[in-house]
Amino acid sequence: MTDPIADMFARIRNAVQAKHARVDVPASRLKADIARILQSEGYIAGFRAVEETVEGRKLPVKRIRLFLKYGPHGERVISGIERISRPGRRVYFSRDQVPPVLGGLGISILTTSRGVMTGREAVKTGVGGEVLCNVW
């Protein structure tokens, strides 16, 4: 797999489209930080680190289980998630260049020198960084 972050977003997109209650993604520290931001911004209900034992493997497989969130009538909370910076084309913004997503209705997730944060937090903190994705 060349882009595990894009794989995570594709799994979330597919699970939301199919109206699943949860989705499992392979674990990493960056993915856990992205899940933490999605939860704090209200896009998912929660997440948890899960270890599963697979037959034929000695060590357990670590996964992150995301609990998806829907509106009172089943409408999607995440209507779109888009990867911006990819392995073939890195996209960086300085603190003055972070654009709003959908006129302020969505969020952008950046990885900065001070950790993973939303675009608004990066502007408040005064740091720029690599734009991982936009969520709306």
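Cut-offs and rules
Residues numbered from 1 in each chain as written. Predicted model: local features only at pLDDT ≥ 70, side-chain atom pairs only at ≥ 80, totals over all residues. Heavy atoms only, no water. Helix = DSSP H or I, 4+ residues; strand = E, 2+ residues; numbered from the N terminus. Rg over C-alpha atoms; globule rule 2.2 N^0.38 Å. Buried < 20%, exposed > 50% of the residue type's maximum accessible area, 1.4 Å probe, protein only. Core = buried A, V, L, I, M, F, W, Y, C linked by side-chain atoms within 4.5 Å. Contact = heavy atoms within 4.5 Å. Pairing = 2+ DSSP bridges. Axes fitted to C-alpha atoms, helices over the stretch in contact; angles between N-to-C directions. Salt bridge = Lys/Arg side-chain N within 4 Å of Asp/Glu carboxyl O.

**Student:** Let's hear about the overall build of the chain: which residues, and what values?
**Tutor:** If you tally the helices and strands in the chain, you get 3 helices and 8 strands. Listed N to C, the secondary structure of the chain is α-β-α-β-β-β-β-β-β-α-β in terms of helices and strands. Here the chain has a C-alpha radius of gyration of 16 Å; the compact-globule value for 136 residues is 14 Å, and the two agree. Seen along its three principal axes, the alpha-carbon backbone of the chain occupies a region of about 50 × 40 × 25 Å. The buried share among the 136 residues of the chain stands at 39%.

**Student:** So what's going on with the nonpolar core? Residues and values would help.
**Tutor:** In terms of nonpolar packing, the biggest core is built from 25 residues, with Ile12, Ile34, Leu38, Leu66, Ile78, Ile109 and Val135 touching the most fellow members. Where this core is concerned, the elements lending two or more residues are helix H1 (4–17), strand E1 (22–26), helix H2 (29–40), strand E3 (61–68), strand E6 (107–112) and strand E8 (129–135). In this structure isoleucine 12 touches Val23, Leu38, Leu66 and Ile78, once residues within four positions along its chain are discounted. If you look at the next biggest cluster of nonpolar residues, it comprises 8 residues, including Val98, Leu110, Met117 and Ala122.

**Student:** Can you explain the pairing of strand E7 (residues 115–118)? Please cite residues and give values.
**Tutor:** Note that E6 and E7 share 4 bridges and pair antiparallel. Among the inter-strand pairings, leucine 110 is bridged to a residue of E7, identified as methionine 117. In this antiparallel pair of consecutive strands, E6 and E7, the connection spans 2 residues.

**Student:** Residues and numbers for the sheet that holds E1, please.
**Tutor:** Strands sit in the order E1-E3-E2 across an open sheet of 3 strands; the sheet is antiparallel. In the strand order of this sheet, the two ends are held by E1 and strand E2 (44–52), each with one partner. Direction aside, the axes of adjacent strands within the sheet are offset by 25° on average. In the sheet, E2 pairs with E3 via 8 bridges, with the strands oriented antiparallel.

**Student:** Describe the pattern of salt bridges, naming the residues involved and giving the relevant values.
**Tutor:** Per the stated rule, a full pass over the model turns up 9 salt bridges. Salt-bridge contacts for arginine 65 lead to glutamate 52; the nearest nitrogen and oxygen are separated by 3.4 Å. One end of the pair, arginine 65, is in strand E3; the other, glutamate 52, is in strand E2, and 13 residues separate them in sequence. Note on arginine 65: relative accessible area 16%, which makes it buried. Classification of glutamate 52 by relative accessible area gives partly exposed; the value is 25%. Here aspartate 96 makes a salt bridge to arginine 95, at a shortest N to O gap of 3.7 Å. With relative accessibility at 68%, the residue aspartate 96 sits in the exposed group. Among the residues examined, arginine 95 registers a relative accessible area of 47% and is labelled partly exposed. Put simply, Arg22, Asp24, Glu52, Arg63 and Arg65 are held in one network by salt bridges that share partners.

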